[in-house]
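Take a look at the letters that make up each chain.
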Protein chains: 2
Amino acid sequence: MKECVLGIDGGGTKTRAAIMDGEGNILGISVGKTSNYDDIGIEAAQENIKQVVESAQQKAGIGNDPFQAAFLGIGGVCSESDRAIVKRMAVNLHLAPEKEIGVDHDIRIALAGGLSGRPGIVQIAGTGSSCYGRNAEGNSWRSGGWGPLLADEGSGYWFGIEAMKAATRASDGHSQPTALLPSVLKFLEISNIDSIMHRVYVQKMSRSEIASLSPLVISAAKDGDTVSLEIVNNGIQCMAECVSIVAQKLDLMEHCELSLTGGVFQAGDFIIERMRTAVQERIPGCKVMMAELPPVIGSCLLALQSLKIQLSAVKIQDLQKTAAVLCTDV
Amino acid sequence: MKECVLGIDGGGTKTRAAIMDGEGNILGISVGKTSNYDDIGIEAAQENIKQVVESAQQKAGIGNDPFQAAFLGIGGVCSESDRAIVKRMAVNLHLAPEKEIGVDHDIRIALAGGLSGRPGIVQIAGTGSSCYGRNAEGNSWRSGGWGPLLADEGSGYWFGIEAMKAATRASDGHSQPTALLPSVLKFLEISNIDSIMHRVYVQKMSRSEIASLSPLVISAAKDGDTVSLEIVNNGIQCMAECVSIVAQKLDLMEHCELSLTGGVFQAGDFIIERMRTAVQERIPGCKVMMAELPPVIGSCLLALQSLKIQLSAVKIQDLQKTAAVLCTDV
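Every chain's residues receive numbers from 1 upward, in the order its sequence appears when written. A letter from A marks each chain and a number from 1 marks each ligand, given out in the order of writing. Restriction of local features to residues with pLDDT of at least 70 applies here, the model being predicted, together with a cutoff of 80 or more for giving and counting side-chain atom pairs; totals for whole chains, interfaces and linings are based on all residues. In computing side-chain values, all of the structure's heavy atoms are included and hydrogens and water are not.

> I'd like a description of the interface of chain B and chain A, backed by residues and values.
The criterion used for residue contact is that any of the two residues' heavy atoms lie within 4.5 Å. Taken together, the contacts link 33 residues of chain B with 33 residues of chain A. For any pair of parts, buried area is found by adding up, for both, the accessible area (1.4 Å probe) each one loses once the two are put together. Carbon and sulfur atoms make up 65% of the surface buried where chain B meets chain A, a total of about 3,000 Å² over both sides. Together, W146(B), L149(B) and L150(B) form the three largest contributors to the area buried by chain B at its contact with chain A, with a combined 26%. One speaks of a salt bridge when a side-chain nitrogen belonging to Lys or Arg is within 4 Å of a carboxyl oxygen belonging to Asp or Glu. Linking chain B with chain A are 2 salt bridges, by the criterion used here. Of the charged contacts, one joins R142(A) and D194(B) as a salt bridge, the two residues approaching to 3.5 Å between their closest N and O atoms. Any N or O atom pair separated by 3.5 Å or less is treated as a polar contact, with the protein-specific requirement of one donor-capable and one acceptor-capable atom, and with residues adjacent in sequence counted only for side-chain atom pairs. The tally of links from chain B across to chain A stands at 18 residue pairs in polar contact (both at pLDDT 80 or more). Where helices and strands are cited, they refer to DSSP runs of H or I of at least four residues and of E of at least two residues respectively, numbered from the N terminus. Secondary structure elements with two or more residues in the side of chain B that touches chain A: β8 (140-143), α5 (156-172), α7 (196-202) and α10 (226-249) of chain B. When residues in the side of chain B that touches chain A are grouped by element, the largest group, 7 residues, is from α5(B). Along the lines of polarity and charge, the residues of the side of chain B that touches chain A split into 17 nonpolar, 9 polar and 7 charged. Here the term charged refers only to Asp, Glu, Lys and Arg, the term nonpolar to Ala, Val, Leu, Ile, Met, Phe, Trp, Tyr, Cys and Pro, and the term polar to all other amino acids, Gly among them.

Structure, rendered in structure tokens:
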């Protein structure tokens with residue numbers, strides 16, 4: 001059999017697996033349950049990875065033999081001990097020879113996908129936000145991305161919190177009127193702003209529920225609401241600052257590519273162009289683009305890299321045309 | 001029997017009850033379990049109130065007859081429906097004739113205690129922060145106090161979060177070095193800042209555990225740490241802004257008394273004097289003082305007020321001498 005590698009993208013709620021051959025053809029791709037062992041325990045996480053891999057193998061029409069290499073990008077994997085836990089799971093499952101199993105946090109594969117394997121920086125602004133870069137020498141740096149309580153500027157969750165803050169501040173005399181007060185009340189289905197405390201703390205809004213408020217801010221900002229525009233600009237400036245810090249740490253100020261990914265940037269040019277401007281004010285030559293490939297394909301590219309396989313530019317272009325569609329379907 | 005009133009202070013973790021006669025003598029005082037019905041349900045909260053009242057009645061050497069009036073200040077009681085729930089409990093327990101039962105959130109009794117029943121403003125900075133005022137006409141206004149996710153500036157929790165943010169920002173390139181990085185690592189008993197995410201999100205630090213980091217900031221600020229001084233000044237300015245908003249809303253800019261209460265102000269003159277300065281920059285004539293009486297005694301004063309009983313200045317002074325000690329003991 002030819003080279004065949006496995007890529008895993010373990011996000012907060014789902015795990016994706018993709019199988020790629022040595023020429024960069026996607027043979028099978030599948031989605032399964034979470035591999036977040038902090039939430040469900042190591043045994044259950046390993047079982048979920050096993051299932052999603054087997055499902056991808058079935059789709060690829062191949063057996064359960066080990067792959068030549070595997071790369072697992074798993075959310076929340078920050079420390080050496082985290083990496084060791086995930087590596088142990090992959091070894092237990094015989095996914096690939098131990099020395100060809102790579103493990104890192106999922107922002108690493110977001111970068112590998114976003115820039116199709118090239119060095120550079122990725123800024124994620126989904127439910128959470130984080131900035132991560134890696135240069136040609138293999139050095140990496142993360143800035144921001146300390147989670148919702150410590151550093152989450154620009155994320156959907158952050159926008160949602162800011163929307164609710166703006167509503168309370170407008171009501172208690174802190175700020176001028178804002179369209180966010182009525183729109184937040186309507187979204188939360190409450191008639192009085194005092195009830196927001198019951199919604200947030202007693203009914204315990206989830207992180208993703210809070211993030212679902214973020215379009216209110218972007219919509220109001222587009223309509224010229226001053227308070228909302230300030231929130232958008234603040235989030236953008238914070239993210240651009242992270243990008244600039246990473247570029248400096250990795251000596252990427254002269255030549256830098258930045259990939260944007262996550263739901264917040266799906267809001268389109270209104271956000272993307274502001275982000276481009278804020279980044280280029282700090283790093284004039286920086287090329288800012290939307291992610292080229294999804295993270296799970298990024299993890300396949302990293303698995304190929306460990307076998308010293310570099311795909312051709314033509315093959316990468318093929319992947320860019322097809323991968324997004326393939327990953328939407330699973 | 002002479003007039004005899006009941007005051008209840010229902011905080012987040014404890015409920016206090018005090019019984020006072022019509023001359024302002026404290027007959028009995030007791031502490032019991034939480035009356036937060038959002039956490040434990042209405043039935044259990046009512047039972048806990050019943051127990052703490054009976055305990056205070058025993059200490060007072062009186063029977064279980066209804067009081068002439070009762071005032072219940074309960075944390076989180078913001079809306080009319082919240083007040084109705086607490087009033088129903090008090091009626092069920094026959095604490096006093098229904099029309100002599102007062103109910104409000106616990107910051108109302110903190111104000112009544114802090115200024116010994118006089119109109120004015122209270123700024124709380126304990127685990128949480130909040131600012132509330134009430135003028136001679138009986139109008140009231142709250143600013144801030146929307147809880148840990150929405151508006152908690154200056155609270156112990158806020159200082160704790162800021163300490164951890166400063167540590168992460170110093171480590172990921174956002175800020176200059178700060179004494180908070182080593183002190184936070186030591187306090188959390190972690191050797192690497194990356195482990196902070198495991199401590200905060202996986203081990204789920206509680207609100208009070210996070211608040212317990214606040215002395216690190218104040219201590220480092222006293223030692224001249226620039227980042228910590230910025231945090232302190234930021235918290236103070238936010239709280240002074242709340243005070244100023246409340247004073248404006250209640251027409252108290254010309255004559256205003258402000259009571260400070262909560263653990264953050266226990267740090268002493270380093271915080272108190274900065275707060276005094278920041279408030280007086282906005283409200284030049286404002287008299288800033290530490291709370292004169294504890295909240296549970298404030299609730300007794302409110303119960304007396306509903307019977308049109310006003311204590312003499314001499315009696316208030318007596319209470320100020322004894323009440324703090326009495327309340328520390330229970």
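> Give me the lowdown on the nonpolar core, citing residues and values where you can.
For our purposes a nonpolar core is just a set of buried Ala, Val, Leu, Ile, Met, Phe, Trp, Tyr and Cys residues, chained together by side-chain atoms within 4.5 Å. Throughout, exposure labels follow a simple rule: accessible area from a 1.4 Å probe, protein chains only, divided by the maximum for the residue type, with under 20% read as buried, over 50% as exposed, and the rest as partly exposed. By size, the foremost hydrophobic cluster in this structure holds 61 residues, and its most contacted members are I121(A), M164(A), L180(A), I196(A), L258(A), M275(A) and V279(A). Tallying contributions element by element places helix α10 (residues 226-249) of chain A first for this core, with 10 residues. Ignoring sequence-local partners within four residues, the contact set of M275(A) consists of Q123(A), I236(A), M239(A), A240(A), V243(A), L258(A), L260(A) and F265(A). Ranked by size, the runner-up nonpolar core spans 60 residues in total, among them I196(B), V227(B), V243(B) and M275(B).

> Could you give an account of the domain arrangement of chain A, with specific residues and numbers?
Residue and element names in this part refer to chain A. An automatic or database domain assignment supplies the start and end points of every domain. When the domains of chain A are assigned, the result is domain 1 (4-109 + 294-329) and domain 2 (117-291). Put simply, the middle of domain 1 and the middle of domain 2, counted by C-alpha atoms, are 28 Å apart. At the junction of the two partners, domain 1 supplies 6 residues and domain 2 supplies 7 residues. Broken down residue by residue, the surface that domain 1 buries against domain 2 is led by H105, I107 and R108, which jointly contribute 68%. In this assembly, domain 1 and domain 2 are joined by 0 salt bridges. The tally of links from domain 1 across to domain 2 stands at 0 residue pairs in polar contact (both at pLDDT 80 or more).

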